[in-house]
Amino acid sequence: MTNPKQTLSERAWNHAELAERVDNDEELLRELLTIFKEDFPSTMRSLESAIAVPDSKSASRLSHTLKGMLSSLGAGRAAAAASKLEGLAALGENASLKEAFAELEREGASLLPELDAYMSEVRR
Amino acid sequence: MKILVADDETLSRRLLEKALERAGYEVVSVENGKQALEQLSKLDGPRLALLDWVMPEMDGPAVCRAVRMRSEQAYVYMVLLTSKGSKEETVLGLESGADDYLTKPFNTEELRARLRVGERILLLEDRLVEAREHMRFRATHDQLTSLLNRGAVMDLLNRELQRSHREQKSAAVILADVDHFKRVNDTLGHSVGDEVLIEVAKRLAGAVRTYDFVGRYGGEEFIVVLSNCDPNYAAGRAEEIRKSVSNHAIQTARGPIALTMSFGLLLTGEWGLRPIEELLHEVDNALYEAKAAGRNCLKIAHPPTKAEPPSPAPVPQSVRLRN
């Protein structure tokens, strides 16, 4: 469950932002979280592989996709990390990609428990 | 109203679909630029489109460019969705042919407001097209009877003459005149005369096949062209058309009026490829003969045999009193 003591800026996910975007449609909100939980890990794996090659063009495209889904979800910090990664990949800064990816992974790791907590809360 | 959503990213696409469905749109959803272009190229395809900038196969600006290259289809109002923020990219997007752009993640109210702008533009375009079509109709049709006017009928007849000659077929050209029409105008007034002309036009147009054409030649004269008409049946067909007017009285505000028509008929196959003016002169002579023979009949313009002298020069319409 989300720690109520956490301030909004500390949270990885801005639930209110997404709720407003879906006109407080809880069913749609849960559907979007389910889509995210399916798409995010697989896109991350593809991105990791592209960085390992390194294939900066694919890395840029995949980071862009992640940035889109994260910002639509209201996950501002993770979206910013994906945006940074996209910029580096577009510039062909292959040496910096692994570090930027690790930052995105960390943001993803703090985001997923918040989503899980919300999902289990609404299931009750 | 139909709207296209093109985005390869599932979550954003679903979010858009729902927001648009709530706003009352019929959403068509695709995952890449190529599919977007396919949808927008359909005749009844969406005329509002939300296109993500970065997509596989074809990006949003490329879709906009491809759509704008067509000129024959209805206008499509396209909004690019972008997380790109720089002025240069905004300019690039609009230069590709997009009408507007929205930055992701979008605000639902802003999205709806921008689409309403698009709907206003499309409505304006529809009105302009409607006005153009109305003007085109007025330029080619007779205002009273809504039949083709003389200019339009001459164009079509010219094409028909070329076509029938090329295909070694015969077309029938009929010049038709309402008998004693002047009396209707003089005794019952011009408004009844107009009623008569409208009804005659309706009956003539109703008596021919969809690929034949009927026009108002001037005054109470009409021209009928029967495409690909078997010469053996042409006179019989022309008589049926003629009788479609005379068989039943015409109902007018001043009571029923029984009217007859005189027809001149010419079969293009008998004459070969000749100037339109010459053929019209010959069919006009045949009509004149029908009038001289007591009206309410049909006369055929046959080409002179070698022994016969050519037909005399046409008598100007203004001095012919064949009413």
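Predicted, not measured: the structure shown is a model, and the values here were computed from it. (Residues numbered from 1 in each chain as written. Chains lettered and ligands numbered in written order. Predicted model: local features only at pLDDT ≥ 70, side-chain atom pairs only at ≥ 80, totals over all residues.)

A few words now on the overall build of chain A. When helices and strands are tallied, chain A shows five helices and zero strands. Helices and strands appear in chain A in the N-to-C order α-α-α-α-α. Against the globule reference of 14 Å for 124 residues, chain A gives a C-alpha radius of gyration of 15 Å, in line with a compact fold. In terms of principal-axis extent, the alpha carbons of chain A reach across some 45 × 25 × 20 Å. A buried classification covers 38% of the 124 residues belonging to chain A. Across chain A, the fraction of contacts at a sequence separation of at least 24, relative to all contacts at a separation of at least 6, is 60%. (Helix = DSSP H or I, 4+ residues; strand = E, 2+ residues; numbered from the N terminus. Rg over C-alpha atoms; globule rule 2.2 N^0.38 Å. Buried ≥ 20, exposed ≤ 12 C-beta atoms within 10 Å, placed from the backbone. Contact = placed C-beta atoms within 7 Å.)

Two elements in contact, helix α2 (residues 26-52) of chain A and helix α1 (residues 10-22) of chain B, have axes separated by 9 Å at closest approach and are oriented at 160°. When the axis of α2(A) is compared with that of α1(B), the two are roughly antiparallel. Crossing hand, α2(A) versus α1(B): right-handed. On α1(B), the residues that touch L28(A), E31(A), L32(A), I35(A), F36(A) and D39(A) of α2(A) are T10(B), L11(B), R14(B), L15(B) and K18(B). Split into classes, the residues belonging to the contact of α2(A) with α1(B) amount to six nonpolar, one polar and four charged. (Axes fitted to C-alpha atoms, helices over the stretch in contact; angles between N-to-C directions. Parallel < 35°, antiparallel > 145°, perpendicular 65-115°, else oblique. Left-handed = near helix turned anticlockwise from the far one by under 90°. Nonpolar A, V, L, I, M, F, W, Y, C, P; charged D, E, K, R; others polar.)

Time to look at the domain arrangement of chain B. What the domain assignment lists for chain B is domain 1 (2-139) and domain 2 (150-319). The distance between the C-alpha centroids of domain 1 of chain B and domain 2 of chain B comes to 52 Å. (Domains from an automatic or database assignment.)

Moving on to the environment of M261(B). All names here are of chain B. Mapped onto the elements, M261 comes out in strand β11 (residues 261-267). When the C-alpha atoms of M261 and S244 are compared, they prove to be 9.7 Å apart, with 17 residues separating the residues in sequence. The residues touching M261, leaving out its near neighbours within four places in the chain, are A176, D177, V178, D179, R242, V245 and S246.

Residue and element names in this part refer to chain B. Strand order across the open sheet formed by five strands is β2-β1-β3-β4-β5, with parallel pairing between neighbours. Edge positions in the sheet fall to β2 (26-30) and β5 (100-103), since each has one partner strand and no second. Neighbouring strand axes in the sheet, compared pairwise and without regard to direction, differ in orientation by 20° on average. The pairing of strand β3 (residues 48-52) with strand β4 (residues 77-82) spans five bridges and is classified as parallel. Its bridge partner lying in β4, L51 is registered against L80. Seen against the sheet, helix α3 (residues 60-69) touches β3 and β4 and runs at an angle of roughly 145° to β3. (Pairing = 2+ DSSP bridges.)

Attention now goes to the sheet that holds β11(B). Residues and elements named next belong to chain B. Read across the open sheet, the five strands follow the order β7-β8-β6-β11-β12; overall the sheet is mixed. Only two strands of the sheet have a single neighbouring strand rather than two, namely β7 (213-218) and β12 (298-301). Ignoring which end each strand starts from, the neighbouring axes of this sheet average 20° apart. Relative to strand β8 (residues 221-226), strand β6 (residues 172-178) runs antiparallel, the two being bridged by six bridges. In the strand pairing of β8, D177 is matched with E221. The sheet contacts of helix α6 (residues 150-166) involve β6, β7 and β8, and relative to β7 the element is tilted by about 130°. Packed onto the sheet, helix α9 (residues 231-246) meets β6, β8, β11 and β12 and runs at close to 160° relative to β11.

At the interface, 13 residues of chain B touch 18 residues of chain A. Considering every element that reaches the side of chain B that touches chain A, the biggest residue donor is α1(B), with seven residues. Among the residues making up the side of chain B that touches chain A, the classes are represented as four nonpolar, four polar and five charged.

Residues and elements named next belong to chain A. Over its 15 residues, helix α4 (residues 76-90) extends 21 Å from the first C-alpha to the last, a length consistent with the 21 Å expected when each residue adds 1.5 Å. Turning to α4, its buried residues number three or more, namely R77, A78, A79, A81, A82, S83, L85, E86, L88 and A89. Trailing α4 by a residue or two, G92 shows a phi angle of about 75°, which is positive. (Expected span 1.5 Å × (residues − 1).)

Okay, the environment of N24(A) next. Residue and element names in this part refer to chain A. Take N24: it is sitting in the loop between α1 (15-21) and α2. A residue is classified by how many C-beta atoms lie within 10 Å of it, and N24, with 11 of them, is exposed. Sequence separation between N24 and A75 is 51 residues, and the spatial gap between their C-alpha atoms is 17 Å.

Let us look at the nonpolar core. Nonpolar side chains tend to gather and get buried jointly when the protein is soluble and globular. Within the largest apolar cluster, 65 residues are counted, with the highest numbers of intra-cluster contacts made by L4(B), A49(B), L51(B) and M78(B). Tallying contributions element by element places α2(A) first for this core, with eight residues. Apart from the residues lying within four places of it in its own chain, the contact partners of L51(B) are A6(B), A36(B), G60(B), V63(B), C64(B), M78(B), L80(B) and L81(B). In terms of nonpolar packing, the next biggest core, distinct from the first, is built from 44 residues, V173(B), V178(B), L197(B) and V214(B) among them. (Core = buried A, V, L, I, M, F, W, Y, C linked by C-beta atoms within 7 Å.)

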